[in-house]
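Below, each chain spelled out in residue letters.
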Amino acid sequence: MIPAQVEYYRPNNVREALEMLQKFGEDAKILAGGHSLIPAMRLRLSTPSHLIDIAGISNLTGIDEDGDYITIGAGAKHSEVANSYLVGEHLTMLAEAGNMIGDVQVRNFGTIGGSLAHADPAADWPALMLASDAVMVVESLTGKREIPAANFFQGLFMTGLNDGEILTEIRIPKPPKGTRSTYQKFVQPASRFAIVGCAAMISGTDTIYNARVAFAGVSVKPFRDTGVENALKGNVRNEVTFSDAASKAAEGVSVMSDHFASEKYRRHLAKVYTKRALVKLL
């Protein structure tokens, strides 16, 4: 189908984009990579009157080091995150995930910020933000505020962004030395979205003193699995510990069921991919 008629704007900076967003209100949509919005517009599921393209705003891109944090511009492409030296050095799971997203065209045009703001339950980045304890920096005409990942993802396609706000940056604390991380997923072959994706990060050479495990694709929003984390903390890093922890995956969680996978199958895959992720960290 052909999208409804829309006015297209390309602001030069964030301030201009925010002013347009305030001016047009609910009739406006922010466009970054467009891989979710444009298909929705073609199907007339989304019919904005005004489209504000922020892809060309230079200060929304870039991956940098800021003291104990790695900062990622919301406009950074998936491929840029995947190929970043800083990301690869400190956060292996983000580099792995970036290379698993979509196809070459999607990775080279889609943005991390667009994915996070869209909050598709099958998207990879939201679970990785939870596992890495990231903070989302959002801007409005009244200033900036920071939203921890745990508070940012609120439901099916729902985030902590308020009207008139734009996600501009992601801040991720550098993990302690000796921390290992990975992202493993069972993909939907056509879209490459996660039917189940598991992000795992553990610290400790012999005994695990910290663990963070988060899922994509399992429930209507990404979640940290505290049951798995508690089964890891304080125990020796070996396959026995990992098997026991993986058996607790998605306990007490409302699991999705759709035409890609039933609730029972997804729950089973959550355990399988938790163990695959943890064993890789050996």
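Presented here is a report on the structure given in the accompanying data block.

A look at the overall build of the protein
Part 1 of the argument: Within the protein one finds 12 helices and 14 strands.
Part 2 of the argument: Whereas a compact globule of 282 residues would reach a radius of gyration of roughly 19 Å, the protein reaches 19 Å, a difference of no more than 12%.
Part 3 of the argument: Its C-alpha atoms put the protein at 60 × 45 × 30 Å along the principal axes.
Part 4 of the argument: For the protein, the proportion of its 282 residues judged to be buried stands at 52%.
Part 5 of the argument: Residue pairs at least 24 apart in sequence account for 60% of intrachain contacts in the protein once pairs closer than 6 positions are excluded.
Part 6 of the argument: For the protein, the accessible surface area stands at approximately 13,100 Å², while carbon and sulfur atoms represent 50% of it.
Part 7 of the argument: Taking the 29 positively charged and 30 negatively charged side chains of the protein as two groups, their mean positions are separated by 6 Å.

Things to note about the packing of aromatic side chains
Part 1 of the argument: Scanning the entire structure with this criterion turns up 5 aromatic pairs.
Part 2 of the argument: An aromatic cluster is built from F186, Y265 and Y273, whose rings are joined through pairwise contacts.
Part 3 of the argument: A cation over an aromatic ring shows up here: R171 above the ring of Y69, its NZ or CZ 4.5 Å from the ring centre.
Part 4 of the argument: The ring of Y273 is capped by R276, whose NZ or CZ atom sits 4.7 Å from the centre of that ring.

A short note on the nonpolar core
Side chains that are nonpolar tend, in soluble globular proteins, to be buried together.
Part 1 of the argument: Membership of the largest hydrophobic core comes to 38 residues, with the highest contact counts inside it found for I72, L94, L116, W125, M129 and M136.
Part 2 of the argument: Per-element tally for this core: the top contributor is helix α8 (residues 125–131), with 6 residues.

As for the pattern of salt bridges
Part 1 of the argument: Going through the model one piece at a time under the given rule, you end up with 12 salt bridges.
Part 2 of the argument: Between K185 and D124 there is a salt bridge, and its shortest N-O distance comes to 2.9 Å. Linking K185 in strand β11 (residues 180–187) with D124 in the loop between α7 (112–118) and α8, this pair joins segments that are 61 residues apart in sequence. Side by side, K185 and D124 carry an identical accessibility label, which is buried.
Part 3 of the argument: Here R267 makes a salt bridge to E263, at a shortest N to O gap of 2.6 Å. Of this pair, R267 and E263 both sit in helix α12 (residues 263–280), 4 residues apart, roughly one helical turn.

Looking at the sheet that holds strand β6 (residues 135–140)
Part 1 of the argument: Taken in spatial order, the 5 strands of this open sheet run β4-β5-β10-β6-β7, and their pairing is antiparallel. Lying at the two open borders of the sheet, with one neighbouring strand each, are β4 (63–66) and β7 (143–148). For this sheet the average axis-to-axis angle between neighbouring strands, irrespective of direction, equals 25°.
Part 2 of the argument: Pairing geometry for β6 and strand β10 (residues 166–173), over 5 bridges, is antiparallel.

Quick notes on the side chain of D124
Part 1 of the argument: A relative accessible area of 4% means that D124 is categorised as buried.
Part 2 of the argument: Within the structure, D124 has its side chain in polar contact with the side chain of Y183 (distance 2.5 Å).
Part 3 of the argument: Here K185 takes part through its side chain, which lies 2.9 Å from a polar atom of the side chain of D124.
Part 4 of the argument: Excluding its chain neighbours within four sequence positions, the residues that come into contact with D124 are I101, Y183, K185 and A194.

Considering the environment of I166
Part 1 of the argument: Secondary-structure assignment places I166 in strand β10.
Part 2 of the argument: Note: C-alpha distance between I166 and N59 (107 residues apart in sequence) is 13 Å.

A look at the pairing of β10
Part 1 of the argument: β10 sits mainly inside the fold: 6 of its 8 residues count as buried.
Part 2 of the argument: The pairing of strand β5 (residues 69–73) with β10 spans 5 bridges and is antiparallel. Within the sheet, the bridge partner assigned to Y69 lies in β10 and is P173.

As for unusual backbone geometry
With the exception of glycine, most residues fall at negative phi, and the peptide bonds are largely trans.
Part 1 of the argument: Despite not being glycine, A119 has its phi angle at roughly 60°, a positive value.
Part 2 of the argument: Locating A119 in the fold gives a position in the loop between α7 and α8.
Part 3 of the argument: Among the residues examined, A119 registers a relative accessible area of 4% and is labelled buried.
Part 4 of the argument: The phi dihedral of R192 is positive, around 70°, even though this residue is not glycine.
Part 5 of the argument: Accessibility expressed as a relative area gives 34% for R192, which makes it partly exposed.

Observations regarding the sheet that holds strand β3 (residues 50–53)
Hydrogen bonds between backbone atoms are what pair the strands of a sheet, whose relative direction is either parallel or antiparallel.
Part 1 of the argument: Taken in spatial order, the 3 strands line up as β1-β3-β2 in an open sheet, and their pairing is parallel. Unpaired on one side and paired on the other, β1 (7–9) and β2 (28–31) mark the two borders of the sheet. Averaged over all pairs of adjacent strands, the angle between their axes in this sheet comes to 20°, without regard to strand direction.
Part 2 of the argument: Pairing of β2 with β3, which is carried by 4 bridges, proceeds in the parallel orientation. Bridge pairing in β3 links I30 to I52.

Conventions and cut-offs
- Residues numbered from 1 in each chain as written.
- Predicted model: local features only at pLDDT ≥ 70, side-chain atom pairs only at ≥ 80, totals over all residues.
- Heavy atoms only, no water.
- Helix = DSSP H or I, 4+ residues; strand = E, 2+ residues; numbered from the N terminus.
- Rg over C-alpha atoms; globule rule 2.2 N^0.38 Å.
- Buried < 20%, exposed > 50% of the residue type's maximum accessible area, 1.4 Å probe, protein only.
- Contact = heavy atoms within 4.5 Å.
- Areas by Shrake-Rupley, 256 points an atom, 1.4 Å probe, with all protein chains shown as cover.
- Lys, Arg positive; Asp, Glu negative; His and termini not counted.
- Charge placed at Lys NZ, Arg CZ, Asp CG, Glu CD.
- Phe/Tyr/Trp six-rings, centres within 6.5 Å; stacked < 30°, edge-to-face > 60°.
- Lys NZ or Arg CZ within 6 Å of the ring centre and 35° of its normal.
- Core = buried A, V, L, I, M, F, W, Y, C linked by side-chain atoms within 4.5 Å.
- Salt bridge = Lys/Arg side-chain N within 4 Å of Asp/Glu carboxyl O.
- Pairing = 2+ DSSP bridges.
- Axes fitted to C-alpha atoms, helices over the stretch in contact; angles between N-to-C directions.
- Polar contact = N/O pair within 3.5 Å; in protein donor to acceptor, adjacent residues only side chain to side chain.

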